[in-house]
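So the chains spell out like this:
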Amino acid sequence: KSEGRRHVSTQTERRRGEDRRRNTDRTAAMVKIADKLEECTKNGQVYFSFEYFPPKTEEGLANLIPRMKKMVSYGPQFCDITWGAGGSTADLTQDIAIRMKEEVGVETMMHLTCTNMLPEKVTTALDKCKEKGIDNILALRGDPPKGQEKWEAVEGGFECALDLVKFIREKHGDHFGIGVAGYPEAHPDAICEDPEQFAKNYQEELVYLKKKIDAGGQMIVTQLFYDVGNFLKFVKDCRNIGIECPILPGIMPIQSYGGFMRMTGFCKTKVPQEILDTLEPIKDNVDAVKAYGIHLGTQMCKQLIDAGTPGLHMYSLNQDKAVLGILSGLGLISLEEPQKNPTPAIEEQKEEDKKA
């Protein structure tokens, strides 16, 4: 009997030892993206990252994963995936984040918003992230659900991104790397016509951003902008109130005239008149708009880098040509071969058509 007990005891100890080793390996493998970015800056390496959103169709998802693999081959420090308005893509966002980490093989940051999210839902999402090795979260308030003009907290839920940052730290300690949003031209809700009121709102936004960092945020990803001067002023203002973490400029290349006008209208983005004047005569020429988007994006990013900005966060809109074109124009990557359709199924069909 004692032999039997010893045998069981030995097996149990072995299992515990394996669990401990796995946990140790897991902890060793955990990467805080903010630490990676600070390391790049220390080494004088200009970094870049890509953002994606969950496609609405199966076909879109089938196209996105191969495109991600192609884009990741150029060496982004991380990629992130958005959380649909009102939490509408919660499960899909999480599934894609896991595929990005496991299948695409890139350090992944998952967006998490407060919209329609009770603490229990957030806990479930974070537990799944922890289990699957998604160790970085971009904590956001989020947009109102579709059809709702004003943002409202769900009863018993979070009031703002600061609540979410505090909740993650309270429940998970320093396990997760946490990013937060920054607004170089103030949050759309704070933008107004009265210059005096706007100046006051802008300062209040900076104070709130500092609270998010003090509560556990470790990096800032900004809203899109097209006036480089506004971003540089924002960084200076952040530094002046003691925000020292990485601040990544959100770069959204113009890929279509309609999309650009809708997005800048929704976000209340200031667009320099020169950009509008350049777009007006070419707005119906899809190729000309895309070419201008790459040209303008390259110019803006060059200005940012020349002014000491250490890295770029590229809003890809799930497309590769514009963001890769900009990075190539900056000399950060080399596009050695002509652009190919990243969807193998389409390539195979073309080959079949040739044979036929």
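Not measured: the values here are computed from a predicted model.

(A) Examining the overall build of the protein chain more closely. Broken down by element type, the protein chain carries 13 helices and 8 strands. In the protein chain, once contacts between residues fewer than 6 apart in sequence are set aside, the share between residues at least 24 apart is 77%. Element-wise, carbon and sulfur atoms account for 50% of the exposed surface of the protein chain, whose accessible area totals about 18,600 Å².

(B) Fine view of the pattern of salt bridges. Scanning the model with the defined rule gives 12 salt bridges in all. Between Asp320 and Arg67 there is a salt bridge, and its shortest N-O distance comes to 3.6 Å. Here Asp320, found in the loop between β8 (311-315) and α12 (321-329), pairs with Arg67, found in helix α3 (residues 58-72); they are 253 residues apart in sequence, far enough to count as distant. One salt bridge connects Asp95 with Lys128, and the closest N-O pair in it is separated by 3.6 Å. Of this pair, Asp95 sits in helix α4 (residues 90-104) while Lys128 is found in helix α5 (residues 119-132), placing the two residues 33 residues apart along the sequence. What you see here is one network of salt bridges that share partners, running through Arg67, Lys70 and Asp320.

(C) Spatial organisation of the pairing of strand β7 (residues 247-251). The element β7 is largely enclosed, with a buried count of 5 among its 5 residues. Side-chain alternation along β7 places Ile247, Pro249 and Ile251 on one buried face and Leu248 and Gly250 on a second face that is also buried. A crossover connection joins strand β6 (residues 219-224) to the parallel β7 through helix α8 (residues 228-240); in handedness this β-α-β unit is right-handed. In the sheet, β7 pairs with β8 via 2 bridges, with the strands oriented parallel. Along β8, the bridge assignment pairs Gly250 with His313.

(D) Representation of the packing of α4 against α5 within the structure. Direction vectors running N to C along α4 and α5 enclose 15°, while the axes themselves pass 11 Å from each other. Judged by the inter-axis angle, α4 sits roughly parallel to α5. Here α4 runs over α5; the crossing is right-handed. Together, Gln94, Asp95, Ile98, Lys101 and Glu102 of α4 and Ala125, Lys128, Cys129 and Lys132 of α5 make up the contact between the two elements. Split into classes, the residues belonging to the contact of α4 with α5 amount to 3 nonpolar, 1 polar and 5 charged.

(E) Focus on the packing of aromatic side chains. According to the stated counting rule, one finds 4 aromatic pairs in the structure shown. Ring centres of Phe198 and Tyr202 lie 6.3 Å apart, and the angle between their planes is 35°; this geometry places the pair in the tilted category. Linking Phe198 with Tyr202, this pair stays in helix α7 (residues 195-214), spanning 4 residues, or about one helical turn.

(F) Expanded view of empty space enclosed by the protein. Taken as a whole, this structure holds 3 cavities of 30 Å³ or more when the rule is applied. Estimated volume of the largest cavity: approximately 70 Å³. Surrounding the largest cavity, Ala181, Gly182, Tyr183, Tyr202, Glu205, Leu206, Tyr208, Leu209, Lys212 and Phe234 form its lining. Listing elements by their share of the lining of the largest cavity, those giving two or more residues are β5 (177-182) and α7. Considering each element in turn, the lining of the largest cavity owes the most residues, 6 residues, to α7.

Criteria and cut-off values
- Residues numbered from 1 in each chain as written.
- Predicted model: local features only at pLDDT ≥ 70, side-chain atom pairs only at ≥ 80, totals over all residues.
- Heavy atoms only, no water.
- Helix = DSSP H or I, 4+ residues; strand = E, 2+ residues; numbered from the N terminus.
- Contact = heavy atoms within 4.5 Å.
- Areas by Shrake-Rupley, 256 points an atom, 1.4 Å probe, with all protein chains shown as cover.
- Salt bridge = Lys/Arg side-chain N within 4 Å of Asp/Glu carboxyl O.
- Buried < 20%, exposed > 50% of the residue type's maximum accessible area, 1.4 Å probe, protein only.
- Right-handed = clockwise from strand over helix to strand, strands pointing away.
- Pairing = 2+ DSSP bridges.
- Axes fitted to C-alpha atoms, helices over the stretch in contact; angles between N-to-C directions.
- Parallel < 35°, antiparallel > 145°, perpendicular 65-115°, else oblique.
- Left-handed = near helix turned anticlockwise from the far one by under 90°.
- Nonpolar A, V, L, I, M, F, W, Y, C, P; charged D, E, K, R; others polar.
- Phe/Tyr/Trp six-rings, centres within 6.5 Å; stacked < 30°, edge-to-face > 60°.
- 1 Å grid on protein atoms, 1.4 Å probe; cavity = no way out; pocket = protein on both sides within 12 Å on 5 of 7 lines; lining within 4 Å.
- Points joined across faces, edges and corners; volume = space filled by probe spheres on them.

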